[in-house]
Amino acid sequence: MKIKVGVLFGGKSVEHEVSVITAIQAINAFDKEKYEVVPIYMTREGDFYCGPDIGKIESYREIKALISRSVRVLPVGEKGRMKLLRQPPKMFGNNVYDIIDVAFPAVHGTNVEDGALQGYLQTLGVPYVGCDVLSSALGMDKYAMKAVLKDNGIPVLPCVRFDVKRWSRKRDEVVEELEGKLRYPVIVKPVNLGSSIGIKIARDREGLIEAVDYAFNYASFAIAENAIVKLREINCSVLGDYETAEASECEEPINTDEILSYEDKYGGGDGKSGGGKGMSGLKRLLPAPISPELREEVRTLAIKTFKALGASGVARIDFLLDTDEMKLYVNEINTIPGSLAFYLWEPVGVKYPELLDRLVSLALKRERENSAISYSFETNILANFRGGLKGGKR
Amino acid sequence: MADTVGFVIYTLCFLFAAAMLTKRQMHMFQLNMYNMASHIGWIRRDRKGLLHSLPALLAAVLALVPGAGYFSAALLAVTALLSIEGRAKKPLVVTKRVLRMFVTLAILYALFVALAAALEGARRYFCAAFALVVFLNPLTVLLANILMKPVESSINRGFIRDAERIISGMPRLTVIGVTGSYGKTSVKFYIGKLLSAKYNVLVTPESYNTTLGVVRTIREHLRPTHEVFVCEMGAKGVGEIKEICDIVKPKMGIITSIGPQHLETFGSIENIINTKFELEESLPEDGIIFLNTDNEYIAGRQVKARRVSYGCESEADYRARDIKVSEHGSEFKLTGKDGVEYTFVTKLIGRHNVQNIAGAIAVADTLGVPMEDIVTQVRRLESVPHRLQLINKGRDVIIDDAFNSNPSGAKAALSVLGEFSGFKVLVTPGMIELGEKQYELNYEFGRQASMVCDFVALVGERQTKPIYEGLISAGYDKSKIFVGATIQAALAAVEALQTNERKVILLENDLPDNY
């Protein structure tokens, strides 16, 4: 009997297409001796589809056509597994399309990577790979992540957070606060988006206003922090959970612009291979040309960050290196990294199938540990209930 | 009864009586595990059933008497009403098998009635036959069982083949067999809890330990994500352990104890020993057998598989030392395979539970669970329902040891009771299925109880006579003994006792409805 893994991808996210690439790479890399993979595509409208073409990358050139020849399904939890029911149901015959033992979210961005999908799976009662609800949410919100890391003595750049309403009503006040607490150049980011969307650097007040307006196209909350002038970026991946975690090889991504843009990340490699390789096709220096001491510092800090946030599965932590002061800062954590950062693990001897195998084991371990805790007590307070609903609790 | 109306009324009374009696019979048959021999034994002892069906015998005679037709029908209705069961401890579960038997019987009855309706002239004789069938109702259930046997066997074989297919589709699964005369269920749950620190474990639920129970567990609960399957194996006769092993193919086994349980169906102690060791014989070349060497029958036996011993009293690979037991739990020391001594603390009470935990630790340590994690899991162990389970009831404490008692466990339960402060009460219907030793062992139990208990409530006068005599022979005061017919009466008597201190009530063995 093979373990059935349901790989979920797509979703109502700006990084919808990227996750298709991540997912299909993973689907193809699973050890088919041990696992049976069921690809589950989530459309932008929030519908789930399965079918023989859902796991093929070519199908996604024409998504409408793909949908019309695929089966719409409804996930339902049953005794710790996820049942996929045909929707609408057939009049005769079996309406169970398949039953999944473990869910594997291969999604990026808000609405899917931020705990929403994780919470849904937890409610269904099926074990799932990767960060749980809290760590997913912390990973997605740059401000919350900084707060937790600061409390753990992990270096992060100080930032100021503000919302779009305050910006439109008290613009001057916000500008003064920002100029007071920060110094130019300043980088402005939406608080909860990934993949460098909505990010701009400002060198003066005019630039600041432009950058903030730009960021508020994409989110209701934004943060501003000091931009590092002499900057190098180093990324490192971590695999494990709260108990044991290990770090991968380090990489240094190459920018074509001031900051790594969406185009850089996903526009795709060189002209010949075309797009469609995701993070794995990006230009990068792997391993990153840094000293062994710095490499160890990065890897140690990456593990510390991973554990401080209560992360699980495989994550990629992006660092900022201020080369003037030779100081390292944690920029952000990607709780579901592009291509699951498999290319960072191959250099340290963890091949993609093994990476996936360990991710599934971690998911089952968490499920096992959580089910050992009793979440309901034997008392039935409703059995002895008398009188009104008010004043029930003391 | 030549007139149609009369015949119809008679038939209805007949069917009513048949339905009520059949339901009761089916219920008891289910409790007797669908075992013909057990059920026949029960029929013989069922005085109440015989008494309640006597009106039907009279009805059979009266049916032949002209003019007594309606009176005869009324007697059948009375029989029906007498047989209606009250609330049962374990009510009838209408499984597919039970349904198949009901349908078979319904068809037979329908044919019978149709025949009677067709042969107008012989109706009087048919009515007498109806009443006779009601009186002989126990036989109809046995008949249905015999008729359905080929169908049931075929269905069961299908289930067994399905389970075998599932097991062979999971070659990486580690199957651990757990058997013994007693302590199986406890040890199985403890092993499951300790191994869960590192592995995804499935254990057979509740007390499922028959071939079909194990097969059902595999078909309904085993998942590809499971890494270990802890399978409880029970037996009442020779070859039954081997039957389960042939299906699950265990890689490891543990034998928790050997004693005179089910002596009447096994025949001899030698048979019991050989049957338990069928588990060891089923292991592969690199299999491991865990043995409770405190038990003399186990310690002396030669085995082929790699042997790991555990216990409290004897020299063993995993020997629990410095054992402290109290009403708050137990504490002991044990050395793992790394040579380091660890202290274990648990909420579980009773010295034999320490022995059970030592066995579970042996298995977990051998399977590579880190000892620190084992210590944590032991701390979290909870009592298995109805096995020395502590229940606080206001001021009083109940020690619920209601499941399948055995002499060794009963003795241990009494010593646990002795650890508690308060007014100590024993409530018991005695121990059963001990064959020729039943009198002797219950007598001994009575003697042991006399030394610990402040009050003893016995359920079922006939059954508990040996205990009563054991108590008296030890000089126990008669006024401190209550003998009642039901458990409810016994508990009510205990409730009514006036005491200064809290009551500590040991419920030792609770017999199922078919006793």
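None of the values given here were measured: they were computed from a predicted structure.

Visitor: I keep staring at the overall build of chain A and nothing clicks. Help me out?
Guide: The helix and strand tally for chain A stands at twelve helices and 16 strands. Residues classed as buried in chain A amount to 42% of the 394 residues present. Contacts in chain A between residues at least 24 apart in sequence constitute 65% of all its contacts with a sequence separation of at least 6.

Visitor: Looking at this structure, I do not really get the overall build of chain B. What am I missing?
Guide: Each helix and strand counted, chain B has 20 helices and 16 strands in total. Across its three principal axes, chain B shows a C-alpha extent of roughly 90 × 60 × 40 Å. The burial tally for chain B puts 43% of its 515 residues in the buried class. Across chain B, the fraction of contacts at a sequence separation of at least 24, relative to all contacts at a separation of at least 6, is 73%.

Visitor: Looking at this model, I keep getting lost on the nonpolar core. Mind explaining?
Guide: Grouped burial of nonpolar side chains is what soluble globular proteins tend to show. If you look at the biggest cluster of nonpolar residues, it comprises 101 residues, and the most contacted ones within it are V7, L8, V102 and V188 of chain A. Not counting the four nearest positions on each side in its chain, V188 of chain A is found in contact with I199, K200, A202, A211, V212, A215, A222 and A224 of chain A. L263, F277, L381 and F445 of chain B belong to the second-largest nonpolar core, a separate cluster that totals 99 residues.

Visitor: It is not clear to me how helix 16 (residues 371-380) of chain B should be interpreted in this structure. Could you clarify?
Guide: Residues and elements named next belong to chain B. Among the residues making up helix 16, those that are buried are I374, Q377 and V378. The buried residues of helix 16 all sit within an arc of 105° when viewed along its axis, so they share a single face. Seen from the buried face of helix 16, the exposed residues on the opposite side, beyond 90 degrees, are E372, T376 and R379. Looking at the buried side of helix 16, the elements it contacts are helix 8 (184-195), strand 10 (341-346) and helix 15 (351-366).

Visitor: Teacher, can you tell me more about the sheet that holds strand 12 (residues 231-240) of chain A here?
Guide: Sheets are built from strands that pair by backbone hydrogen bonding, the pairs being arranged parallel or antiparallel. Residue and element names in this part refer to chain A. Ordered in space as 14-13-12-15-16, the five strands form an open sheet in which the pairing is antiparallel. Two strands bound the open sheet, and with one partner strand each, they are strand 14 (284-285) and strand 16 (327-334). Pairing of strand 13 (residues 245-253) with strand 14 involves two bridges; the strand directions are antiparallel. Across the sheet, the residue bridging to P253 is R284, located in strand 14.

Visitor: Could you clarify how one ought to interpret the interface of chain A and chain B in this entry?
Guide: Many structure descriptions define interface size as the accessible area lost when the parts assemble. The interface of chain A with chain B comprises seven residues on the first partner and eight residues on the second. Class assignment of the residues belonging to the side of chain A that touches chain B gives a composition of four nonpolar, no polar and three charged.

Visitor: Would you take a moment to explain the domain arrangement of chain B for this structure?
Guide: Partitioning chain B into domains gives domain 1 (4-150), domain 2 (170-380) and domain 3 (389-508). Inter-centroid distance (C-alpha atoms) of domain 1 of chain B to domain 2 of chain B is 46 Å.

Visitor: What exactly am I supposed to notice about the domain arrangement of chain A here?
Guide: All names here are of chain A. Per the domain assignment, the segments of chain A are domain 1 (3-128), domain 2 (139-154 + 230-365) and domain 3 (159-226). Using only C-alpha atoms to locate each centre, domain 1 and domain 2 end up separated by 25 Å. At six residues, the largest contribution of residues to the side of domain 1 that touches domain 2 is made by helix 1 (residues 16-29). Taken together, the residues of the side of domain 1 that touches domain 2 sort by class into 14 nonpolar, four polar and three charged.

Visitor: Help me out: how do you make sense of the sheet that holds strand 3 (residues 228-232) of chain B in this one?
Guide: Residue and element names in this part refer to chain B. The seven strands are arranged 2-3-1-4-5-6-7 in an open sheet whose pairing can be described as parallel. Here the strands that pair on one side only, and so sit at the sheet edges, are strand 2 (201-203) and strand 7 (318-319). Against the sheet, helix 15 makes contact with strand 1 (174-179), strand 4 (252-255), strand 5 (288-292), strand 6 (306-311) and strand 7, and its axis sits at roughly 145° relative to strand 6, the strand it touches most.

Visitor: How should I be thinking about the confidence of the model for chain A in this particular structure?
Guide: Interpretation of the predicted coordinates at a detailed level should be avoided for regions scoring low in pLDDT. Residue and element names in this part refer to chain A. Residues with a pLDDT of 70 or more make up 87% of chain A, whose mean pLDDT is 89. Predicted confidence in chain A is weakest over helix 9 (residues 262-266), with a mean pLDDT of 57, and strongest over strand 7 (residues 102-105), with 98. Here residues 268-275 is a poorly scored stretch, pLDDT under 50, and it has ten contacts once near neighbours within four places are set aside; other chains count.

Visitor: Would you explain the pairing of strand 3 of chain B in this entry?
Guide: Here is the key point about a regular strand: its side chains alternate between the two faces of the sheet. Residues and elements named next belong to chain B. Burial analysis of strand 3 places five of its five residues in the buried class, the great majority of the element. Side chains V228, V230 and E232 of strand 3 all project onto a buried face; the interleaved residues F229 and C231 project onto the opposite face, where all are buried too. As paired elements, strand 1 and strand 3 share five bridges and run parallel to each other. Looking at the pairing, G177 lines up with C231 of strand 3.

Visitor: Explanation requested: the confidence of the model for chain B in the structure shown.
Guide: Chain-level pLDDT for chain B is 89 on average; 98% of the residues reach the 70-or-more range. Predicted as a complex, the structure gets a pTM of 0.83 and an ipTM equal to 0.79.

Visitor: Can you walk me through the pairing of strand 4 of chain B in this structure?
Guide: Residues and elements named next belong to chain B. On strand 4, burial covers both faces: M252 and I254 on one face and G253 and I255 on the other are all buried. Bridge count between strand 1 and strand 4: four bridges; the pairing is parallel. Its bridge partner being in strand 4, V178 is matched across the sheet by I254. As judged from the four bridges shared by strand 4 and strand 5, these two strands associate in the parallel manner.

Visitor: Looking at this structure, I do not really get helix 1 of chain A. What am I missing?
Guide: For an α-helix, the turn length of 3.6 residues means that residues three or four places apart are oriented alike. All names here are of chain A. Taking 1.5 Å as the rise per residue, helix 1 with 14 residues should run 20 Å; its terminal C-alpha atoms sit 20 Å apart, in good agreement. Here helix 1 lies mainly inside the structure; eleven of its 14 residues are buried. Those residues of helix 1 not exposed but buried are H16, V18, S19, V20, I21, T22, A23, I24, Q25, A26 and I27.

Visitor: What's the story with unusual backbone geometry in this structure? I'm lost.
Guide: Glycine aside, residues mostly have negative phi angles, and peptide bonds mostly take the trans form. Residues and elements named next belong to chain A. The amide bond that connects Q87 to the next residue, P88, takes the cis arrangement and shows omega of 0°. Its place among the elements puts P88 in the loop between strand 5 (81-86) and strand 6 (96-100). Cis peptide bonds are those with omega within 30 degrees of zero, and the linkage from L286 to P287 qualifies with 0°. Looking at where P287 falls in the secondary structure, it is placed in the loop between strand 14 and helix 10 (292-308). Backbone geometry at N111 places phi at a positive 80°, although glycine is not the residue there. Tracing the backbone through its elements, the reader meets N111 in the loop between strand 7 and helix 3 (116-124). Its identity as a non-glycine residue notwithstanding, A341 has a phi of 50°, on the positive side. When you line up the elements, A341 lands in the loop between strand 16 and helix 11 (342-345).

Visitor: Help me out: how do you make sense of the packing of helix 7 (residues 137-168) of chain B against helix 9 (residues 211-221) of chain B in this one?
Guide: For any two helices packed against each other, one specifies the crossing angle of their axes together with the interaxial distance. All names here are of chain B. With their axes 9 Å apart at the nearest point, helix 7 and helix 9 run at an angle of 50° to one another. In terms of axis orientation, helix 7 runs oblique to helix 9. For the pair helix 7 and helix 9, the sense of crossing is left-handed. Residues N156, F159, I160, D162, A163, I166 and I167 of helix 7 pack against L212, V215, I218 and R219 of helix 9.

Visitor: How do you make sense of the environment of K165 of chain A when you look at a structure like this?
Guide: Tracing the backbone through its elements, the reader meets K165 of chain A in helix 6 (residues 164-169). For K165 of chain A and F216 of chain A, which are 51 residues apart along the polypeptide, the C-alpha to C-alpha distance reads 9.9 Å.

Visitor: I tried to follow the packing of helix 3 (residues 47-63) of chain B against helix 6 (residues 123-135) of chain B on my own but got confused; where do I start?
Guide: Residue and element names in this part refer to chain B. The geometry of helix 3 relative to helix 6 is characterised by a closest axis approach of 8 Å and an angle of 165° between their N-to-C directions. When the interaxial angle is binned, helix 3 and helix 6 end up roughly antiparallel. Considering how the two elements wind past one another, helix 3 and helix 6 form a crossing that is left-handed. On helix 6, the residues touching S53, A56, L57, A59, A60 and A63 of helix 3 are R124, C127, A128, A131, L132, V134 and F135.

Visitor: I tried to follow the environment of K327 of chain A on my own but got confused; where do I start?
Guide: Residues and elements named next belong to chain A. Here K327 is to be found in strand 16. Residue class for K327 comes out exposed when judged on the 12 C-beta atoms lying within 10 Å of it. Along the backbone, K327 and T110 are 217 residues apart, and their C-alpha atoms lie at a distance of 30 Å. In this structure, K327 is in contact with P155 and D322, ignoring residues within four places of it in sequence.

Conventions used here
Residues numbered from 1 in each chain as written. Chains lettered and ligands numbered in written order. Predicted model: local features only at pLDDT ≥ 70, side-chain atom pairs only at ≥ 80, totals over all residues. Helix = DSSP H or I, 4+ residues; strand = E, 2+ residues; numbered from the N terminus. Buried ≥ 20, exposed ≤ 12 C-beta atoms within 10 Å, placed from the backbone. Contact = placed C-beta atoms within 7 Å. Core = buried A, V, L, I, M, F, W, Y, C linked by C-beta atoms within 7 Å. Arc of directions from axis to C-beta. Pairing = 2+ DSSP bridges. Nonpolar A, V, L, I, M, F, W, Y, C, P; charged D, E, K, R; others polar. Domains from an automatic or database assignment. Axes fitted to C-alpha atoms, helices over the stretch in contact; angles between N-to-C directions. pLDDT = per-residue confidence, 0-100. Expected span 1.5 Å × (residues − 1). Parallel < 35°, antiparallel > 145°, perpendicular 65-115°, else oblique. Left-handed = near helix turned anticlockwise from the far one by under 90°.

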